[in-house]
Structures are given as C-alpha cells and as structure tokens.
Amino acid sequence: MQEVPSPGIAFSDKGFPPEILNFRKATWYQPMQLEELGEFGFIARVAPACRIRDRGVVKGIGDDCAVVSMEGPDHLLVTKDLLVERVHFRLEWGSAENLGAKALAVNLSDIAACGGVPLDAFVGLAIPPGVDVEWLDGFYKGMTDLAAEYGVNLLGGDTTRSKTDLMISVTVTGTVPRDQVLFRHTARAGDLVVLTGPTGESAAGLEILLRGVPVTTELAQELIHTHLRPRPHVKEGRLLATSGACRAAIDVSDGLLSDLGHICQDSGLGAQLYRERIPVTRSVSEASGLLGKDALHWAFNGGEDYVLIAAVDPRQWDSLLDASRDAGCELTAIGEFVTGSEIVLQTAAGRVTPLTPRGWDHFR
C-alpha cells in the first residue's frame, strides 16, 4: 500500500454540491465533536449501518466478541483491541515482553467474557523510529509465551511504519458451544452480581506509574505488575459457561461500574451492590492510604482489571461456588440485579447511595 502524502496538501472541493460547501463554510456551523458523543455514543451512531447481511451473525457490535454461526456444535468468536502509545501505555514503563503479553491478554479476556476457548491471533504493528529489532524480539517473546500458555496460534497480521507512536492491533478468534455463549443482554432480575477477582489493583499500579510516588518496593512491584501484565480469566469464563448457572458476563476493562452498566443497560435492569462485599485487597488499601486516594473509587472505576462480572442464578450459587473452589477459581457475589435502571450501593447500616460510573471513555 502506498504511503499517503504528509499533511498540508490542499484537497479540492470539486464534486461537492454548493449547498453542502456553503453550509460547511458558514460561520455558525459547528461540527459535532467526539467529546460530545463519547466512545459508546460513537459506536451506537455507526452501528446501524454496519450490518449488511444477517446470515450467520448471532451477535454483532455491542458485546465483548462478535459471535458468528458455523457448521457444527460451536459458534465462532472474534474480537479486536487496539493499543496506542501514550494513550494506553508508555514504553519506558515496562519491558517489551510485558507489553507483548498484555496486547494479547486483553483480547483473550474478551473471549473469556463470552465463555469461549481462544484459537488464533492476528497482529498488526505500526512501528515508529527508535523501536529496534531487539525490542520487537522481546515484544513477540512476551506475546508468544502467553499464546503458548493458552494454546493460541499467531497466524498473521500486518506491519507498517509509524511516524510518531507505536500502535498495536490484535485480533483473536475463539469458539464456544452454541448453548454456552455468555452475552451481556441476558441477565435477569434477582441474579447475583459476581466477580471472578478483585478490582482496583491495576488502577493503583497506574497511579504509581503516573505520579512516580515512592511507595514500598514490594507493594509497587505487585501493583505495577498487575497493571502491566494482566491475567485473562479464560478458565473462569469456561467455568461460568459450562456451569449452567451463569446467564450473562462481561470483562472489566473500563471499570467495574462502567462494565456492570453495560450488562444493566443491555438487559434492561439496575443493580444493587453491597459495600461490605466489595473485594478490596490489602495492597490496594495500603496504596490508597499512601497516595491519598479512595480505594473504593479505584475498585469501582479504575479499569483494566480484566476480571469478569457475571450474572448468576441465585438458586445455583452454592453449587457454582463449590465448583469454583475445586477448580481453583475465586468467585465473589457483590450484589444483585434488580428491576429499574440505577446502580446503587447499600452499606451495612442500610444506607443506599446511587452510583455513577466514571470509568474509561476514550473521547471523554
């Protein structure tokens, strides 16, 4: 593909109707900015025109993965994530191996959220000056080491030059039995809100990296490692999908409240969370005190935890909990889905407070 010219070349208005040109040149004309829509508003704006045919499409835009019907007992899962330097990461923060592993892990997390088994990956890189071959060797070592752990092939992709920042685009496919797919829109009122692990550690690690605040070496290493090298909860996703107890799921990438809000919105429900059940680890609690931050804010809005939120049939909770212990998985029920649309927090004293999701939105 030929490289486009540098910015600064004037493009002709030839071919545009005069009324369009006059409208765009009017002094009162103010085009809508992405900040006004936000990431999810933009997705909702373009989504209606994106599906050209329905054949074979089980689920398109609006879930952790696209779900496509295939011959045989399984559906195909497809997901893509894009990581951009200075938006998602900084090269000076960690090793090339960690970044390679994370670029794959965030996609494996989407497969996990749908209850699937990952299969193959395709990697696109836009490489700027200053990124040398040795660094790229490390990047691919981190990615292929994690791929080997989950039985994933790297089957192709694309590489090109970038004039400024490193950009990493990864697509992963997977499969899931037709009767085990976990969607976002299928939760029911009365279902338990269940986490497959604690949240907030990644946000605490990011805070340490951003501020460069000195904390104890052990604590900093633990939290920073959680942020730089997350573990995709593929085993937990399969446990939930095969249990018959889980009705819906999503991974926590943008923040617990934001991602729980996606299940609530898509399922037409609200949620009531219980303060004393929210898992806050010792390291998050200690870091919050040292950095003057609210540990609960990190847990609710930090993002990039890549644990799963699940809607679980309360009648099957005890049996699912026993199965999770046998499998070495950690499940915590932190609340329940309710009728309505609000997400609220109830304290042990019975005080109820509305919660507003303040997780990650790329354009806001």
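Nothing here was measured: the structure is a model prediction, and the numbers come from that model. (Residues numbered from 1 in each chain as written. Predicted model: local features only at pLDDT ≥ 70, side-chain atom pairs only at ≥ 80, totals over all residues. Heavy atoms only, no water.)

Regarding its fold elements, the protein presents eleven helices and 13 strands. Counting across all 364 residues of the protein, residues that qualify as buried make up 48%. Contacts in the protein between residues at least 24 apart in sequence constitute 82% of all its contacts with a sequence separation of at least 6. With an accessible surface of roughly 18900 Å², the protein has 53% of that area assigned to carbon and sulfur atoms. (Helix = DSSP H or I, 4+ residues; strand = E, 2+ residues; numbered from the N terminus. Buried < 20%, exposed > 50% of the residue type's maximum accessible area, 1.4 Å probe, protein only. Contact = heavy atoms within 4.5 Å. Areas by Shrake-Rupley, 256 points an atom, 1.4 Å probe, with all protein chains shown as cover.)

Angle between the axes and distance between the axes are the two parameters that describe a pair of packed helices. One can describe the packing of helix H5 (residues 201-211) onto helix H9 (residues 282-291) by two numbers: an axis separation of 9 Å at closest approach and a directional angle of 35 degrees. Once H5 is placed against H9, the crossing between them reads as left-handed. On the side of H5, the interface is formed by Glu201, Ala204, Glu207, Ile208 and Arg211, while H9 contributes Ser283, Val284, Ala287 and Leu291. Residue composition of the contact of H5 with H9, by class: five nonpolar, one polar and three charged. (Axes fitted to C-alpha atoms, helices over the stretch in contact; angles between N-to-C directions. Left-handed = near helix turned anticlockwise from the far one by under 90°. Nonpolar A, V, L, I, M, F, W, Y, C, P; charged D, E, K, R; others polar.)

Turn by turn, an α-helix covers 3.6 residues, leaving residues three or four places apart pointing in a common direction. Given a rise of 1.5 Å per residue, twelve residues ought to cover 16 Å, and the 16 Å separating the end C-alpha atoms of helix H8 (residues 256-267) matches this to within 8%. Within H8, ten of the twelve residues are buried, which leaves the element mostly enclosed by the surrounding structure. The positive-phi residue at the C-terminal boundary of H8 is Gly268, with phi of around 70 degrees. (Expected span 1.5 Å × (residues − 1).)

To continue, consider a nonpolar patch on the surface. Side chains of Leu34, Phe42 and Val46 sit close together on the surface and give an oily, nonpolar patch of about 210 Å² of accessible area. With respect to the helices and strands, the residue Val46 is situated in helix H2 (residues 34-46). Residue Val46 is classed as partly exposed on the basis of its relative accessible area of 33%. (Patch = residues over 30% accessible without salt bridge, like charges linked within 9 Å, V, L, I, M, F, W, Y side chains within 5 Å. Salt bridge = Lys/Arg side-chain N within 4 Å of Asp/Glu carboxyl O.)

For the rest of this paragraph, the subject is helix H7 (residues 234-243). Counting buried positions over the ten residues of H7 gives seven, a clear majority of the element. Residues Val234, Glu236, Gly237, Arg238, Leu239, Leu240 and Ala241 constitute the buried set of H7. Directly beyond the C-terminal end of H7, a positive phi value near 80 degrees is found at Gly244.

Counting 55 residues, the largest nonpolar core has Leu104, Phe139, Ile168 and Trp317 as its most contacted members. Ranked by residue count, the leading element in this core is helix H3 (residues 96-113), at ten residues. Excluding its chain neighbours within four sequence positions, the residues that come into contact with Phe139 are Ala96, Glu97, Leu99, Gly100, Ala103, Leu125 and Ile168. Within the second largest apolar cluster, 26 residues are counted, among which are Ala248, Leu256, Ala271 and Ile278. (Core = buried A, V, L, I, M, F, W, Y, C linked by side-chain atoms within 4.5 Å.)

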